[in-house]
Amino acid sequence: MYIIFFHTGETKEKGKQGETRPVLTKDGEKAVSDAAQGLDRIIPRKVKTQVWSSLSPDASQTAEVIAEELGVKRRFLRTLDTDDLSTLLATAFEHCSEECLVFVSHEPYLSDWSRKLTGLKLPFCEASAAGFTVDKEAIAKSELLWFICPKTLKRIG
């Protein structure tokens, strides 16, 4: 399976009557859109792709922008807001073992997941992404294919 970890875009707190929630800024939305165009050139053409995000507003908005740019479906998954990589991968393999999945989440989860997969704790910043190959039978032998910051993803697109 081909898995991409994608960090949410730049956010700001927005809310009414004392309740705030993180939402993408205009710059954050633009950076995510540019990065998604770069992803479109990296993801193999004949591979089915899905974008999965947590329920958090900023992850949901980021996933929506990516899914729209890639022209693919998106789903919500609660385990994207935890460090429980084994449950996340079990769900992924159960629902789409031959596809490319883009997981949209936050730090520190992304760095922790990359460390668990490959032993490398990657320094994710806003709108950055990393691609991995993961074998259901040998998760510990997962391979990092690439790690790209948003400016480079923008240039690729």
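So, here is what we can say about the structure in this document. (Residues numbered from 1 in each chain as written. Predicted model: local features only at pLDDT ≥ 70, side-chain atom pairs only at ≥ 80, totals over all residues. Heavy atoms only, no water.)

### Some words on helix H3 (residues 85–95)
Next, step 1: Burial in H3 covers these residues: Leu85, Leu88, Leu89, Thr91, Ala92 and Phe93.
Next, step 2: Contacts from the buried residues of H3 go to strand E1 (2–7), strand E4 (49–53), strand E6 (100–105) and helix H4 (109–118). (Buried < 20%, exposed > 50% of the residue type's maximum accessible area, 1.4 Å probe, protein only. Helix = DSSP H or I, 4+ residues; strand = E, 2+ residues; numbered from the N terminus. Contact = heavy atoms within 4.5 Å.)

### Focus: the packing of aromatic side chains
Next, step 1: One pass over the structure, following the stated rule, counts 6 aromatic pairs.
Next, step 2: Geometrically, the ring pair formed by phenylalanine 5 and phenylalanine 132 is tilted, given 4.9 Å between the ring centres and 50 degrees between the ring planes. Here phenylalanine 5 is found in strand E1, whereas its partner phenylalanine 132 is found in strand E7 (residues 129–133), with 127 residues between them in sequence.
Next, step 3: The exposure class assigned to phenylalanine 132 is buried, which follows from its relative accessible area of 0%.
Next, step 4: With centroids separated by 6.3 Å and ring planes inclined at 20 degrees, the aromatic side chains of tyrosine 109 and tryptophan 113 adopt a geometry described as stacked. Placement of both tyrosine 109 and tryptophan 113 in helix H4 is noted, with a separation of 4 residues, approximately one turn of the helix. (Phe/Tyr/Trp six-rings, centres within 6.5 Å; stacked < 30°, edge-to-face > 60°.)

### Quick word on the packing of helix H1 (residues 26–42) against helix H2 (residues 57–70)
Next, step 1: Running from N to C, H1 and H2 point in directions that differ by 40 degrees, and their axes come no closer than 9 Å. Of the possible angle classes, the one that applies to H1 and H2 is oblique. As H1 packs across H2, the resulting crossing turns out to be right-handed. Contact residues: H1 offers Glu29, Val32, Ser33, Ala36, Gln37, Leu39 and Asp40, while H2 offers Thr62, Val65, Ile66, Glu69 and Leu70.
Next, step 2: Partitioned by chemical class, the residues of the contact of H1 with H2 number 6 nonpolar, 3 polar and 3 charged. (Axes fitted to C-alpha atoms, helices over the stretch in contact; angles between N-to-C directions. Parallel < 35°, antiparallel > 145°, perpendicular 65-115°, else oblique. Left-handed = near helix turned anticlockwise from the far one by under 90°. Nonpolar A, V, L, I, M, F, W, Y, C, P; charged D, E, K, R; others polar.)

### With respect to the pattern of salt bridges
Next, step 1: By the definition in use, this model includes 5 salt bridges.
Next, step 2: A salt bridge links arginine 74 to glutamate 64; its shortest N-O distance comes to 2.7 Å. Taken together, the positions of arginine 74 in strand E5 (residues 73–76) and glutamate 64 in helix H2 put the pair 10 residues apart, joining distant regions of the chain.
Next, step 3: The partner of aspartate 112 in a salt bridge is lysine 121, and the shortest N-O contact between them spans 3.6 Å.
Next, step 4: Since its relative accessible area comes to 14%, aspartate 112 is described here as buried.
Next, step 5: Exposure remark for lysine 121: the relative accessible area of 54% places this residue in the exposed category.
Next, step 6: Salt bridges here are not isolated pairs; linked through shared partners, they connect Lys30, Asp34 and Lys154. (Salt bridge = Lys/Arg side-chain N within 4 Å of Asp/Glu carboxyl O.)

Such coordinate-based values are descriptive only and should not be taken to indicate function.
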